[in-house]
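Letter by letter, the chains look like this.
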Amino acid sequence: MDKVRASAVKAVFEVKERNAYSNIVLAEQLRNNKFNDLDRRFFTELVYGTIKVGDSIDWIISKYVKRSLKKIDPKILAILRIGIYQLFFLSKIPQHAAVNESVEIAKKINVGASKFVNAVMRSAIREPVKFPEDDSAESISLRMFHPNWLIKHWIEEFGIEETKLICAADNEDPPLTLRTNFLKISREELLERLKKQGINAEPSKLADEGIICKNIKSPDNLKELQEGYCQVQDESSMLPAHELNPKAGEFVIDCCAAPGGKTTHIAELMKNDGKIIAVDIHKHKIEQIKSNAARLGIKIIETKKMDAREIGERFFNKADKILIDAPCSGLGVLRRKADLRWNKNLEEIKKLPKLQIEILKSASRALKIGGMMVYSTCTIEKAENEKVIDEFLSFNKNFKLKRMKTLMPHIDKTDGFFTAKLIREE
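Summarised in this report is the structure supplied together with it. (Residues numbered from 1 in each chain as written. Predicted model: local features only at pLDDT ≥ 70, side-chain atom pairs only at ≥ 80, totals over all residues. Heavy atoms only, no water.)

A short note on the overall build of the chain
Going by this rule: Numbering of helices and strands starts at the N terminus; helices are DSSP runs of H or I of at least 4 residues and strands are runs of E of at least 2. A 1.4 Å probe rolled over the protein chains alone gives each residue an accessible area, and that area as a share of the maximum for its type sets the label: buried under 20%, exposed over 50%, partly exposed in between. It only takes one pair of heavy atoms within 4.5 Å for two residues to be counted as in contact.
Broken down by element type, the chain carries 19 helices and eleven strands. Dimensions of the chain along its principal axes, counting C-alpha atoms only, are 70 × 50 × 35 Å. Here the chain holds 426 residues, and the buried ones make up 56% of them. For the chain, restricting intrachain contacts to residue pairs at least 6 apart in sequence, the fraction spanning at least 24 positions comes to 71%.

Considering helix 10 (residues 160-170)
Regarding helix 10, the residues found buried are T163, K164, I166, C167, A169 and D170. Packed against the buried residues of helix 10 are helix 8 (137-144), helix 9 (148-158) and helix 19 (409-412).

Remarks on the environment of D320
As a reminder, the rule being used: N or O atoms closer than or at 3.5 Å make up a polar contact, with two conditions inside protein: a donor-capable atom paired with an acceptor-capable one, and, for residues adjacent in sequence, both atoms drawn from side chains.
Along the chain, D320 turns up in strand 8 (residues 319-325). Separated by 71 residues in the primary sequence, D320 and G249 place their C-alpha atoms 9.9 Å from one another. Among all residues touching D320, those that are not within four sequence positions of it are E250, F251, L367, K368, G371 and M372. One polar contact links D320 to K368, side chain to side chain, over a distance of 3.1 Å.

Focus on the packing of helix 1 (residues 3-18) against helix 6 (residues 95-107)
Note the threshold: For helices, the fitted axis covers only the stretch in contact; all axes are lines through C-alpha atoms, and the angles between them, taken along N-to-C directions, range from 0 to 180 degrees. Left-handed is the label given to a crossing in which the near helix is rotated counterclockwise from the far helix by less than a right angle, and right-handed is the label when the rotation is clockwise. Each residue is assigned to one of three groups, with Ala, Val, Leu, Ile, Met, Phe, Trp, Tyr, Cys and Pro labelled nonpolar, Asp, Glu, Lys and Arg labelled charged, and all others, Gly among them, labelled polar.
Where helix 1 contacts helix 6, the two axes come as close as 10 Å, and the packing angle between them is 65 degrees. The handedness of the crossing between helix 1 and helix 6 comes out as right-handed. Along the contact surface, helix 1 presents R5, A6 and V9, while helix 6 presents A97, A98, E101 and I105. Class assignment for the residues of the contact of helix 1 with helix 6 results in five nonpolar, no polar and two charged.

Description of the packing of aromatic side chains
Condition: Only the six-membered ring of Trp is used, alongside the rings of Phe and Tyr, when aromatic pairs are assigned; centres must lie within 6.5 Å, and planes under 30 degrees apart are stacked while those over 60 apart are edge-to-face, with the rest tilted.
As enumerated under the stated definition, the model contains seven aromatic pairs in all. The interplanar angle of 45 degrees and the centroid separation of 5.3 Å between the aromatic rings of W59 and F131 together place this pair among those described as tilted. Of this pair, W59 sits in helix 4 (residues 55-62) while F131 sits in the loop between helix 7 (111-126) and helix 8, and the two are 72 residues apart along the sequence. Looking at F131, the relative accessible area reads 17%, which means it is buried.

Here's the deal with unusual backbone geometry
Residues A258 and P259 are joined by a peptide bond in cis, for which omega reads 5 degrees. Its location among the elements puts P259 in the loop between strand 5 (251-254) and helix 14 (261-269). The residue F145 is not glycine, and still its phi comes out positive at about 60 degrees. Topologically, F145 is positioned in the loop between helix 8 and helix 9. Judged by relative accessible area, which is 13%, F145 ranks as buried. You will see that K413, though not glycine, has its phi angle at about 60 degrees, which is positive. Residue placement: K413 occurs in the loop between helix 19 and strand 11 (417-424). Of the residues examined, K413 reaches a relative accessible area of 53% and is grouped as exposed.

Structure below.
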């Protein structure tokens, strides 16, 4: 039995049936199985590809079975999902190999199940179905692998053509992006070190610290990362620290700091001189901030486990600058998180602006007169971005908006991201 495909089935089962995070499951399987580079790439493609395609694979399977998919043994359904993904989306995989290996994996569950898998997959080979080609929300959803509700929502927000462009960008494989740690090395020196290892690396045009790596998917074994010369971070999420423009000696609060990417970036811009309070509500995430800071050689971060909505009372009028990287829907980072698009719903998203405004109001009370505050999210939802800022300003006349900026995946070739820069005038 093919160990790569069997491991992929296990991973997809964990994500789809037990709501595990795809990146965590994938990392665990890779650690446990010690695949060679070729198998590692195939395994990653099977898992992320199957999860990304999501409901579209289930639509295909439903065309070949007479019962509801909910009535199929979840482990058998995971086998079918991996098998159908190979038949319909991986042109270089021999069809007989996809069928035979799927059947062998199913035999480990029971012989009857293996016959069912064989029948479904051979029917799919004989009579391959095609997605509808019109511009209805359902058709776009199936062809472009996004949930139907989200397509409808985006069509209302952006129109049909831009929605399709956003979806296409979400389906592209993002490069690995590194942020140079200027406390230890220059970008030029780091680029040179990466290139000597055969890594296709080039400088970012959006951020002075950014390096785009095009031929490595996982940085786990990258010595420069382990030794703190760099941090994994998308170009877009390097912008908030630059908007904040922190200076050495200042007192800065990062309200929703974990896992510490933006916090450590702020510290680097401060030349490791001053004080940063890094706040997060989750204890285990606080440890991530500490770990990242230690690896990067940063000494000025003090972590606090607390609700960001308590910051105004706790640090009233104390901070020179504040970053609010608010909890959000994450709809700007769907290209990086294969399972995220299938784990959201509109009702959940509609509840977020209330929390975002509460955090923003509290944080504003901790800012000194003349101080600067940056609000950021990794979503492209106007309700979580511009409308939150508009509502905050309508009740806080002592704040002035300097600028707002939205990065779009299909335009800027980054994650979708929003920043708003605010000044307290009195």
